[in-house]
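Chain and residue survey
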Amino acid sequence: MSLHDRVVITGLGAVSALGLGAKALFAGSLAGRSGIRLWPPEAGIWAAAPVPGNLGPVGMHQLPAHVDRHVGLATLAVREAMADAGLENVPAAESASTGVYWGTGVGSAATVEDSYGRLHSGQRARPLTILLAMQNAAVAQIALDHGLRGPQLSVSQACASAAAAIGEAMLALRWGRAERIVVGGAEAPLVAGQLQAWDALRVLAKADKLSPEQSCRPFDRRRSGLVLGEGAAALVLERESTARRRGARIHAELCGYGNAGDASHYARPDPAGQQRAMELTLQDPCRTPA
Amino acid sequence: MDTRQTLADIAIKEFQCDPEKIKEDASIKDLGIDSLGLLEFIFRIEEVFAIRVDNEDAEKVQTLTDISNLVDRLRTMAAA
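On a predicted model such as this, the values are computed, not experimentally measured, just so you know.

**Looking at the packing of helix α1 (residues 3-13) of chain B against helix α3 (residues 35-49) of chain B**
Residues and elements named next belong to chain B.
- Where α1 contacts α3, the two axes come as close as 11 Å, and the packing angle between them is 135 degrees. When the axis of α1 is compared with that of α3, the two are oblique. The way α1 lies across α3 gives a crossing that is right-handed. Residues T3, T6, L7, I10 and A11 of α1 pack against F41, R44, I45, V48 and F49 of α3.
- Looking at the contact of α1 with α3 residue by residue, the classes come out as 7 nonpolar, 2 polar and 1 charged.

Right under this line is the structure:
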């Protein structure tokens, strides 16, 4: 094991409004397809980008009942990434050196909403509410699903949650804290309480009733805000020596990470902070080819 | 409402337990209900039978017969 090992990506997985699988996401993006539609389907109040109903995590094999939707989506994406990496079955000897770093901003929105719904209608909270609503619920389920006993970290950093989880995992791999870390992020905020709260912040795009799929129009003079979506994406990161040893297919190398704060505003990023994060990434000592 | 039959129905329909194992009165664990599943199971029967199971009793049950006996005892106490 070299302390200067590079970190490589050996598995990809995703579930999104464009379908099940990283390929569906990539192909849909390249084709300029939009997954945005009126939401919820029967009322059509908002514009949102839901995972198509028949592709979601309902009734998945070996997924406990009642897990939050973001955990189900995370499980789908990670199963794909692990299969892509040829790691459907992680050898027992590698379990303790395989970790999970996962990001989510909102977390278990539906579980929390269900819990408050019960509270305000005189019903008791479900027995597993705490466990299923914890911000590390996805990490716990991913680790259980694949028998991963390496280091774990749940990252909640707003829109940068998954990016930070990926970057921190890269640093941990460089430090030799693990040989392999499953990383990514998941969100499933398309519940009434979340949509109303985002709407109250006056940042949601007005639903285009005639062309719902065009409700999100960045850089357009008719733009009216952001559109909430749901989904998950997962990567398998490995130390290069570990990946080479087992003959894994390497998709790409991950070679830089920067993390900087603004201390200026809750929601309006300061460009200087973004610039410093990017500069830190570019200054990463491992970025220069050996 | 037959306690035993109601419990078996819940176990089979809502917790996907094997009907054959229920006939043999296997342990809750052998029915495929782990410790967290048991919390959900007891929560459900509290609703169905309108009873409250205290933590001490919840810790002791190991078979469906144990739960059936517990439910009958609590229902009798509630009716008294």
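**Section: the side chain of T98 of chain A**
- Tracing the sequence through the fold places T98 of chain A in strand β5 (residues 98-103).
- Sequence-distant contacts of T98 of chain A, defined by excluding residues within four places in its chain, comprise V90, L148, R149, G150 and R180 of chain A.

**Focus: the nonpolar core**
- Ranked by internal contacts, the top residues of the largest apolar core, which has 32 residues, are V78, M82, W102, I142 and L148 of chain A.
- In terms of residue count, helix α2 (residues 69-84) of chain A provides more of this core than any other element does, 8 residues in total.
- One finds I42, V61, V71 and L74 of chain B within the second-largest nonpolar core, a separate group that totals 22 residues.

**Examining the interface of chain A and chain B**
- Contact with chain A, which involves 8 residues of that partner, is made by 7 residues of chain B.
- Buried area between chain A and chain B, both sides added, is near 720 Å², and the carbon and sulfur share of it is 61%.
- When residues of chain A are sorted by the area they lose upon contact with chain B, R124, P127 and L128 of chain A head the list and together hold 72% of the total.
- Applying the counting rule to chain A against chain B returns 2 salt bridges.
- At the junction of chain A and chain B, the tally comes to 1 residue pair in polar contact (both at pLDDT 80 or more).
- Looking at side-chain class alone, the side of chain A that touches chain B contains 4 nonpolar, 1 polar and 3 charged residues.

**So, the environment of I33 of chain B**
Residue and element names in this part refer to chain B.
- Looking at the element boundaries, I33 is found in the loop between α2 (19-23) and α3.
- Exposure remark for I33: the relative accessible area of 6% places this residue in the buried category.
- Residues within four places of I33 in sequence aside, it is in contact with F15, C17, I28, L38 and F41.

**Details of the sheet that holds strand β8 (residues 228-229) of chain A**
Residues and elements named next belong to chain A.
- Strand order in the open sheet formed by 3 strands is β3-β4-β8, with mixed pairing between adjacent strands. Each edge of the open sheet is held by one strand with a lone partner, namely β3 (37-39) and β8.
- Bridging between strand β4 (residues 46-49) and β8 involves 2 bridges; their strand directions are parallel. Note on β8: the bridge partner recorded for A48 is L228.

**Some remarks on unusual backbone geometry**
- Looking along the chain, the bond that leaves W39 of chain A and enters P40 of chain A is cis, with omega of -10 degrees.
- Secondary-structure assignment places P40 of chain A in the loop between β3 and β4.
- Positioned with a positive phi, A158 of chain A is a non-glycine residue whose angle comes to about 50 degrees.
- Along the polypeptide, A158 of chain A turns up in the loop between β6 (152-155) and α7 (161-174).
- For A158 of chain A, a relative accessible area of 57% gives the class exposed.
- We note that A50 of chain B has phi near 55 degrees; this positive angle belongs to a residue other than glycine.
- Tracing the backbone shows A50 of chain B in the loop between α3 and α4 (55-60).
- Judged by its relative accessible area of 66%, A50 of chain B falls in the exposed class.

**Concerning the packing of aromatic side chains**
All names here are of chain B.
- Applying the stated criterion across every chain, the model contains 1 aromatic pair over all chains.
- The interplanar angle of 70 degrees and the centroid separation of 5.1 Å between the aromatic rings of F15 and F41 together place this pair among those described as edge-to-face. One end of the pair, F15, is in the loop between α1 and α2; the other, F41, is in helix α3, with 26 residues separating them in the sequence.
- Take F15: its relative accessible area is 21%, and that puts it in the partly exposed class.

Rules used in this analysis
Residues numbered from 1 in each chain as written. Chains lettered and ligands numbered in written order. Predicted model: local features only at pLDDT ≥ 70, side-chain atom pairs only at ≥ 80, totals over all residues. Heavy atoms only, no water. Axes fitted to C-alpha atoms, helices over the stretch in contact; angles between N-to-C directions. Helix = DSSP H or I, 4+ residues; strand = E, 2+ residues; numbered from the N terminus. Parallel < 35°, antiparallel > 145°, perpendicular 65-115°, else oblique. Left-handed = near helix turned anticlockwise from the far one by under 90°. Contact = heavy atoms within 4.5 Å. Nonpolar A, V, L, I, M, F, W, Y, C, P; charged D, E, K, R; others polar. Core = buried A, V, L, I, M, F, W, Y, C linked by side-chain atoms within 4.5 Å. Buried < 20%, exposed > 50% of the residue type's maximum accessible area, 1.4 Å probe, protein only. Buried area = accessible area lost by both parts, 1.4 Å probe. Salt bridge = Lys/Arg side-chain N within 4 Å of Asp/Glu carboxyl O. Polar contact = N/O pair within 3.5 Å; in protein donor to acceptor, adjacent residues only side chain to side chain. Pairing = 2+ DSSP bridges. Phe/Tyr/Trp six-rings, centres within 6.5 Å; stacked < 30°, edge-to-face > 60°.

Geometry only, nothing functional implied.
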